[in-house]
Amino acid sequence: MRMKCTISYDGHLFYGYQVQPGQRTVQDELERALKTLHKSKERIPVVASGRTDSGVHAVGRTIHFDTQLSIPETKWPYALNALLPDDIAVTKAEAVDDQFHARFSAKKRNTGI
C-alpha cells in the first residue's frame, strides 16, 4: 500500500531535506521513524515532493512511502509523530493509488517568493 503524508518541519536544526551522510536531515528522521514502526532492519524509503536547503522550514510538504502495515489512515500521524522529533510533524495521511508519486504527481509548487 502506498501512503501519502503531509508534513511540516522547522528547519533550523536540519541540513536540508535530503539524506546527507553524517548530517541531520528531515528525510533521515522520517526513514528512521518508519524503520522503527515497521520493526525492519532496512530503511523504508521516503519520496518527497521536493527538497529544501539547510535551515529552511516547510508547511504542507507532501511525501509518500510504501508499506505493508495495516494502520488506519487516521492513526498514521499519531504513530509517526510518536517516533519523530518535535521539529517534524505529520499532519495528514491517506492511502493512495500505487501510481501516485509525491514529486511527479505535484500540481503546484510554492517557492515562498
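Let us look at the structure shown here. (Residues numbered from 1 in each chain as written. Predicted model: local features only at pLDDT ≥ 70, side-chain atom pairs only at ≥ 80, totals over all residues. Heavy atoms only, no water.)

Looking at the environment of L13
- Tracing the backbone shows L13 in the loop between β1 (2–9) and α1 (26–37).
- The exposure class of L13 is exposed, given its relative accessible area of 60%.
- Sequence separation between L13 and D87 is 74 residues; the distance between their C-alpha atoms is 8.5 Å. (Helix = DSSP H or I, 4+ residues; strand = E, 2+ residues; numbered from the N terminus. Buried < 20%, exposed > 50% of the residue type's maximum accessible area, 1.4 Å probe, protein only.)

Remarks on the sheet that holds strand β2 (residues 47–48)
- Reading across from one edge, β2-β3-β1-β4 is the order of the 4 strands in this open sheet, with antiparallel pairing throughout. Every interior strand has two partners, whereas the edge strands, β2 and β4 (88–96), have only one.
- For β1 and strand β3 (residues 58–66), the ladder comprises 7 bridges, and the chain directions are antiparallel. Following the sheet pairing, Y9 is matched in β3 by A58. (Pairing = 2+ DSSP bridges.)

Focus: the pairing of β3
- The pairing of β2 with β3 spans 2 bridges and is antiparallel. What sits directly across from V47, in β3, is H64.

Observations concerning the environment of H12
- Relative to the helices and strands, H12 is located in the loop between β1 and α1.
- When the C-alpha atoms of H12 and V56 are compared, they prove to be 6.7 Å apart, with 44 residues separating the residues in sequence.
- If sequence neighbours within four positions are ignored, H12 has contacts with G55 and H57.
- Side chain to side chain, H12 and D10 meet in a polar contact 2.7 Å long. (Contact = heavy atoms within 4.5 Å. Polar contact = N/O pair within 3.5 Å; in protein donor to acceptor, adjacent residues only side chain to side chain.)

Some details on the pairing of β1
- Judged by how many residues are buried, β1 sits mostly within the fold: 7 of 8 residues are covered.
- Here β1 pairs with β4 via 8 bridges, running antiparallel. Bridging from a neighbouring strand, T6 pairs with K92 of β4.

Concerning the pattern of salt bridges
- Counted according to the given criterion, the structure contains 8 salt bridges.
- Between E94 and K4 there is a salt bridge whose closest N-O contact spans 3.8 Å. With a gap of 90 residues between them, E94 in strand β4 and K4 in strand β1 connect regions that are remote in the sequence.
- The partly exposed category is assigned to K4, whose relative accessible area is 21%.
- Between R32 and D28 there is a salt bridge, with the nearest N and O atoms lying 2.4 Å from each other. Separated by 4 residues within a single helix, R32 and D28 lie in helix α1, roughly one turn from each other.
- Each member of the salt-bridge network shares a partner with another, and the members are D28, E31, R32 and R43. (Salt bridge = Lys/Arg side-chain N within 4 Å of Asp/Glu carboxyl O.)

By themselves these figures say nothing about function.
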